[in-house]
Amino acid sequence: MAEVIGVRFKDVGKVYYFDPMGNQLNVGDKVIVETTRGVECGTVALQNKEVSDSNIVHPLKQIIRIAGQEDIAQLNENKKKEKKAFFICQKKIAELGLVMKLVDVEYTFDNKKIIFSFTSEGRVDFRALVKELAAIFKTRIELRQIGARDEAKKFGGLGVCGRPLCCNTYLGEFQPVSIKMAKEQGLSLNSLKISGNCGRLMCCLKYEQEAYADLLKSLPKVGAIVNTPNGEGKVVEANPLTRVLKVSLKKSPEAAPATYKCSEVKLIKDAKIKVDKKELEELKDLE
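1. Observations regarding the overall build of the protein chain
Per the secondary structure count, the protein chain includes eight helices and 13 strands. A compact globule built from 287 residues would reach a C-alpha radius of gyration of about 19 Å, whereas the protein chain, at 26 Å, exceeds it by more than 25%. Along the first, second and third principal axes, the C-alpha atoms of the protein chain reach 80 × 55 × 30 Å. Sorting the 287 residues of the protein chain into buried and exposed places 36% on the buried side.

Right, dumping it as structure tokens:
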């Protein structure tokens, strides 16, 4: 076991563990730490607690110090410089005719590097841009291409549910989301209905998936053969939440499907939920 604090470097970002060096810190406190990007100023997101060694990436780095007034002033100054750098970079992108959209500019705390994040439909040869920016700012320049989800996380907005985007409010890390999840949850595979503001599959499909997977274990799937009070039939629709099935009866296949509760039928042969090649081809860009 080791005593750690959790530190974030963005408002809604991943939490990293650091050794508090005997300091008792509260959520919201600013600390100076060393990361793979250099010296950074982060915000305490998790106060002192004990965690097992298996949950720590070794070696556990120590905080350098609790941020003082000079550190906070440096942080605020960097924010001002980031705004200026953003407009300079935008101008250079236009001058060089590069097909890319600048999303964010970030100075490392020690000013040894400036990170320019951008989006683009394809690959961009930005070597000329890096040279010009390095000549202007006299420091290391990093251009980082980010995805549509990262852009939505940066700018935020309202989702189809009417609430602020999960990624912009509390989702620290993105998790893989698949078309199969949407199908297992009984959603229409309509790109407009299952994609978020970023144009990719909605993140909420992931954290609802575990509940649906558990419900589906005891529910005949679409295509399953079941025995009903009215004879044998094939499941054409299954609702995991209401546990209600619609079954096309073998004795009257042309009639409208009959509705049964899950408890009223007996499974003869189950089916598997699959995404066919055509559906996958049409929706692969959403993943």
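That was the structure; now back to the text.
2. Considerations on the nonpolar core
Grouped together as the largest cluster of nonpolar side chains are 18 residues, with contacts concentrated most on Met 100, Phe 116, Leu 129, Leu 133, Phe 137 and Leu 143. Of all elements in the fold, only helix H1 (69–96), strand S6 (101–107), strand S7 (113–119), helix H2 (127–137) and strand S8 (140–145) reach the threshold of two or more residues within this core. Here this core takes four residues from H1, the largest share from any one element. Once residues lying within four places of it in the same chain are set aside, the contact partners of Leu 133 are Cys 89, Phe 116, Lys 138, Ile 141 and Leu 143.

3. Details of the sheet that holds strand S9 (residues 225–228)
Pairing is antiparallel in the open sheet, where five strands are placed in the order S12-S11-S10-S9-S13. Lying at the two open borders of the sheet, with one neighbouring strand each, are strand S12 (258–261) and strand S13 (266–269). Strand-to-strand, the axes of this sheet are offset by a mean angle of 45°, without reference to chain direction. Two strands pair when backbone bridges link them, and strand S11 (residues 244–249) and S12 are joined in this way by four bridges, in the antiparallel orientation.

4. Overview of the pattern of salt bridges
Inspection of every chain in the model, using the stated rule, returns 14 salt bridges. With a closest N to O distance of 3.3 Å, Glu 106 and Lys 10 form a salt bridge. With a gap of 96 residues between them, Glu 106 in strand S6 and Lys 10 in the loop between strand S1 (2–8) and strand S2 (16–18) connect regions that are remote in the sequence. Relative accessible area serves as the criterion here: at 13%, Glu 106 is assigned to the buried category. In this structure, the salt-bridge partner of Lys 14 is Glu 173, at a minimum N-O distance of 4.0 Å. Placement of the pair is Lys 14 in the loop between S1 and S2 and Glu 173 in the loop between helix H4 (166–169) and helix H5 (179–184), with a sequence separation of 159 residues. Overall, Lys 14 belongs to the partly exposed group, its relative accessible area being 37%. Residues joined in a network through salt bridges with shared partners are Lys 10, Arg 37, Glu 40 and Glu 106.

5. Section: the pairing of strand S10 (residues 231–239)
In terms of strand pairing, S9 meets S10 through four bridges, oriented antiparallel. Residue Thr 228 lies in a different strand from S10, and its bridge partner there is Gly 231. Linking S9 to S10, which pair antiparallel, is a turn of two residues. As judged from the six bridges shared by S10 and S11, these two strands associate in the antiparallel manner. Paired with Asn 239 across the bridge in S11 is Val 244. Hairpin connection of S10 to S11: four residues between the antiparallel strands, including Arg 243 at a positive phi of 60°.

Cut-off values and rules
Residues numbered from 1 in each chain as written. Predicted model: local features only at pLDDT ≥ 70, side-chain atom pairs only at ≥ 80, totals over all residues. Heavy atoms only, no water. Helix = DSSP H or I, 4+ residues; strand = E, 2+ residues; numbered from the N terminus. Rg over C-alpha atoms; globule rule 2.2 N^0.38 Å. Buried < 20%, exposed > 50% of the residue type's maximum accessible area, 1.4 Å probe, protein only. Core = buried A, V, L, I, M, F, W, Y, C linked by side-chain atoms within 4.5 Å. Contact = heavy atoms within 4.5 Å. Pairing = 2+ DSSP bridges. Axes fitted to C-alpha atoms, helices over the stretch in contact; angles between N-to-C directions. Salt bridge = Lys/Arg side-chain N within 4 Å of Asp/Glu carboxyl O.

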